[in-house]
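Residue-level listing of the chains:
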Amino acid sequence: MKSPLVAIIDDDEALCFSLVDLMRSIGYGAEPFFEAETLLTSPNLSLFDCVIADVRMPGMSGLDLARKFQEQGDRMPVILITALPDRQLKDEAISVGARCLLRKPLETQTLLDYVERSLSSERSPR
């Protein structure tokens, strides 16, 4: 059985690599991306099982990425992360198809729980 592959998108390189290391430490594959557009043009896009993306990044935001998957009918699990203290952001994240919105600094176990739940849910084929 293949191990899940998680895309990590954050313009904060240190955090991005830290999350990649976290995913790999539990036996998942993980690849770092520093902008959402790079993931969308990746030849490996169809191989990813889940995306963890920052809400605010230069170029396409994590919200826009989740919205794009939703518009395409792709049920790619997207977990959004943010340092923003905006209460309405959670509702917006859910409305564009994100599985959840987690606040930075991230609680490791909470993130892992959401990743696990996202991986166990159904996803339509690309």
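Above this text you will find the structure in question.
Worth saying up front: this structure is predicted, and the values here are computed from it rather than measured.

Criteria and cut-off values
- Residues numbered from 1 in each chain as written.
- Predicted model: local features only at pLDDT ≥ 70, side-chain atom pairs only at ≥ 80, totals over all residues.
- Heavy atoms only, no water.
- Core = buried A, V, L, I, M, F, W, Y, C linked by side-chain atoms within 4.5 Å.
- Buried < 20%, exposed > 50% of the residue type's maximum accessible area, 1.4 Å probe, protein only.
- Helix = DSSP H or I, 4+ residues; strand = E, 2+ residues; numbered from the N terminus.
- Contact = heavy atoms within 4.5 Å.
- Pairing = 2+ DSSP bridges.
- Right-handed = clockwise from strand over helix to strand, strands pointing away.

## Here we look at the nonpolar core
Counting residues in each nonpolar core, the largest one holds 25 residues, and the members touching the most others are Ile9, Leu39, Val51, Leu65, Phe69 and Leu80. Where this core is concerned, the elements lending two or more residues are strand E1 (5-9), helix H2 (36-40), strand E3 (50-54), helix H3 (62-71), strand E4 (78-82) and helix H4 (88-95). Element by element, the count of residues in this core is highest for H3, at 4 residues. Setting aside chain neighbours within four positions, we find Ile9 in contact with Phe33, Phe34, Glu35, Ala36, Leu39, Val51, Ile52, Ala53, Asp54, Met57 and Leu65. Counting 19 residues, the second-largest nonpolar core is a separate cluster that includes Leu15, Tyr28, Ala30 and Cys50.

## Focus on the pairing of E4
The buried count for E4 comes to 5 of 5 residues, which makes it a mostly enclosed element. Residues Val78, Leu80 and Thr82 line one face of E4 and the alternating positions Ile79 and Ile81 line the opposite face, and both faces are buried. Bridge analysis of E3 against E4 gives 4 bridges, and the strand direction is parallel. Bridge pairing links Ile52 to Ile79 in E4. Since E3 and E4 lie parallel, the crossover through H3 that links them has a hand, and here it is right-handed. Taken together, the 4 bridges between E4 and strand E5 (residues 100-103) define a ladder with parallel strand orientation. Residue pairing across strands places Ile81 opposite Leu102, the latter belonging to E5.

None of this, on its own, says anything about what the molecule does.
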